[in-house]
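Geometric and topological summary
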Amino acid sequence: MESANRARKIIHIDMDAFYASVEQRDHPEYRGRPIVVGGSPEGRGGVVATASYEARKFGIRSAMASKRAQQLCPEVLFVRPRFDVYKDVSQKIRSIFRRYTDLIEPLSLDEAFLDVSEDKLGIGSAIEIAKQIKQAIRDELQLTASAGVSINKFVAKIASDMNKPDGLTFIGPSGIEDFMEKLPVDKFFGVGRVTAAKMNGMGLHTGADLKKLSESEMTQRFGKVGRFYYNIVRGIDNRSVQPHRETKSLGAEDTFQVDLTDIDSMFTELSKIAETVEERLRRHGLKGRTITLKVKYHDFRIINRSHSFTEPVDDYETIITTVQQLLLGTAPEDHKIRLLGISLSNFGESRPGRKINPEQLSLF
Amino acid sequence: MRFIVTSTALLKNLQQISGVISANTVLSVLEDFLFELKGNTLTLTATDLETMMRVQLDVNDAQGDGRICIPSKILLDYLKNLPEQPITFSINEQDLSIEMSSDVGKYKIGGEKADDFPKEPAPGDTTSFSMSSIALIESINKTLFAVSNDTLRPAMTGVYFELMTDSITLVSTDAHRLVRFRREDVSCPQQDGFVVPKKPLQQLRSTLSADETRLELSYNGSHLFVTNNRLSMSCRLIDARFPDYKAVIPADNPYRLTINRADFISALRRVSIFANKTTNQVVLDINGNALQLSAQDIDFSFEGKEMLSCQYTGEDMKIAFNAKLMIEMVNNMDGGELNIELSTPTRAGIFRPVEKVEHEDVLMLLMPLMVGV
């Protein structure tokens, strides 16, 4: 128990506009231009995976429909993602991390937590390590990263986002409670726009407002995550950096401002979510055998429906046709739907080049 | 309304229909049993909107006809924990309160309105035929295992009932294998066909008693109704065209292998342990009257081989199958000896028992695995 209470040193590294920066690095003609890596706005219309900083000035953001991005900035250039290249760069970034620590928890290709409470080189200062990592990424890969340094994962992650791009933010033990009190609720991890609106409606705007509530009030209002928030606003987050954490499922969901009642709008929302899920799967290089649809009704009842395939899948078409079928099986128009979510699980290793599996022949 | 019933009798009847209730349901009333009292007859109903099962039993000291929905889980839990004894149900349909008193205590449950319970589909314009309970169970047993779970191909998630004036044929397939089971002791008024989902068939299999009790089966364009004197089930049919199964059954597979069924299954079970876990590939290498089964998993350096004797007429050949599918098929077959009819390593193998059971005809098809494309 002692060691758990000892102050840890956690760094969160987040690559700046990762895919877009890699493209700009490799294609000088893209530099200084607004570019979007992601699906093209034509056809079924893709989503933005990453927008370059030039594109962000126009209000273009990740997970936005590419069509919308084009409306915001007609001269934006759409670039097809090259996931193999990103994966390769990501491996190089991780090898830089490994010079300092083995306690690395990658969150995706462009983000990771590092526990440097004890660093391999005996540098001692987490800020200094973060500086060196940023410098190495710049020198060796010609890319920039932002770092957040703190005593837990939650604060480190928020900190890395504070001075982007190319930032380094340190929030030490003495500043942590003050920092959390000033933090607007929508910056809290897991608080989406609907929960944020709900909190604002209750007069809760910042960490300080949340801090006034007791633990039981928090759980009453927000369910299980309430306890998490209760601790977080007090600077307590004991989650460890897990180097071998296996991704068990991956997905996306959206809560709607207005409950959905007709099938057309449900399908529209599902296709947006499916786009995001496809993008995230590619980002993590994962394929799943099981697709799960989550439906939350206006009375907060949640149902899950899933379908499993014999082969792992990751493509939009399969995901959307499957979840549409699953949704149709729930008598969707009889209910007001508050939230829809799609996730994939049952990840098989998709081992490229090793597909010598015999083919099961079919009758039909 | 009020009645007295023996706890174990009620439990037994509820358990016959409770399998219909789905674990995660959308409407809370679907977690309930519908209790309907008319005279001395208590009718119990459970449904998941697709399938509805109903059972009747006689009760004592009935007073006042009426209807109410009672939550299933709490009721079953209570009854399972009660030694056999009479229970008095006193039900107030106005405030939906249910009181159960037994020798040992008094228990209360809040019910739901009977009118909220889904209505049974109207039988309307149906065609009927009859068969014995055991014949239906046997037909389900022979076919249900090969039904597909692929909800994206709905027709194959059920068993196809093909009616003829002198027989009934049940067909199931998951696209890799197919089972055709025909009974010649059933006659239907006209040539017809429909696809019955898996769940109601599972229910019938577990609820019906395996005896000669006559069942009446009637159907229309959307539903199947199965009834005997005490029990009735209705289910929605799968609204999709069953694939043209006749077209995929090879008319003439020239080579024939005859083997002892039990020996073949046990050898397959052993060899398949060493097979790759995702493909379950087992190779049948037929050489004269010797059959070699072999499997391997390169990833783990597993390898298994076994020799069996058989009778074989045909050219020597090597053909690979998914052992899991094959074991399941051969396991669901009767008789001591088994015929496997083959043509080429990429065409379906036909599996049949050597001895025919009277009035029955069973044929199973399995598509091979194609190695190293």
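Residues numbered from 1 in each chain as written. Chains lettered and ligands numbered in written order. Predicted model: local features only at pLDDT ≥ 70, side-chain atom pairs only at ≥ 80, totals over all residues. Heavy atoms only, no water.

In a soluble, globular protein the nonpolar side chains are often hidden away together inside. Residue and element names in this part refer to chain B. Formed by 62 residues in total, the largest nonpolar core has its most connected members in Phe3, Phe35, Phe89, Leu136 and Phe161. Composition of this core by domain shows at least three residues from each of domain 1 (2-116) and domain 2 (127-247). Every residue in contact with Phe161, bar those within four places of it in the chain, is listed here: Leu136, Ile168, Thr169, Leu170, Asp192, Gly193, Phe194, Val196 and Leu201. Tyr255, Cys310, Ala323 and Leu342 belong to the second largest nonpolar core, which has 39 residues in total. (Core = buried A, V, L, I, M, F, W, Y, C linked by side-chain atoms within 4.5 Å. Buried < 20%, exposed > 50% of the residue type's maximum accessible area, 1.4 Å probe, protein only. Domains from an automatic or database assignment. Contact = heavy atoms within 4.5 Å.)

Before going further, it helps to spend a moment on the sheet that holds strand 7 (residues 86-92) of chain B. Residues and elements named next belong to chain B. The strand order across the open sheet built from five strands is 5-1-7-8-9, with neighbouring strands paired in antiparallel fashion. Unpaired on one side and paired on the other, strand 5 (60-63) and strand 9 (106-110) mark the two borders of the sheet. Pairwise comparison of adjacent strand axes, ignoring direction, gives a mean angle of 25° for this sheet. Here five bridges tie strand 8 (residues 97-101) to strand 9, and the two strands are oriented antiparallel to one another. (Pairing = 2+ DSSP bridges. Helix = DSSP H or I, 4+ residues; strand = E, 2+ residues; numbered from the N terminus. Axes fitted to C-alpha atoms, helices over the stretch in contact; angles between N-to-C directions.)

To continue, consider the packing of aromatic side chains. All names here are of chain A. Per the stated rule, a full pass over the model turns up 20 aromatic pairs over all chains. Within the aromatic cluster, the residues linked to one another by ring pairs are Phe18, Tyr19, Phe83 and Tyr86. Its guanidinium or amino end placed over the ring of Tyr53, Arg56 lies 4.6 Å from that ring's centre, counting from NZ or CZ. Taking NZ or CZ as reference, Arg234 lies 3.9 Å from the ring centre of Tyr230, over its face. (Phe/Tyr/Trp six-rings, centres within 6.5 Å; stacked < 30°, edge-to-face > 60°. Lys NZ or Arg CZ within 6 Å of the ring centre and 35° of its normal.)

Our focus in this paragraph is the pattern of salt bridges. Close approach of charged atoms lets side chains of opposite charge pair. Under the criterion given, the structure shown has 41 salt bridges over all chains. The closest approach of N and O atoms between B:Lys73 and B:Asp77, which form a salt bridge, is 2.9 Å. Here B:Lys73 pairs with B:Asp77, and both are found in helix 2 (residues 72-80), just four residues apart, close to one helical turn. A salt bridge links B:Lys246 to B:Glu162; the shortest N-O distance between them is 2.9 Å. You can see B:Lys246 sitting in the loop between strand 17 (231-236) and strand 18 (255-260) and its partner B:Glu162 sitting in strand 11 (residues 158-163), a full 84 residues away along the chain. Overall, B:Glu162 belongs to the buried group, its relative accessible area being 9%. Sharing partners across several salt bridges, the network here consists of A:Glu23, A:Arg25, A:Asp26 and A:Arg82. (Salt bridge = Lys/Arg side-chain N within 4 Å of Asp/Glu carboxyl O.)

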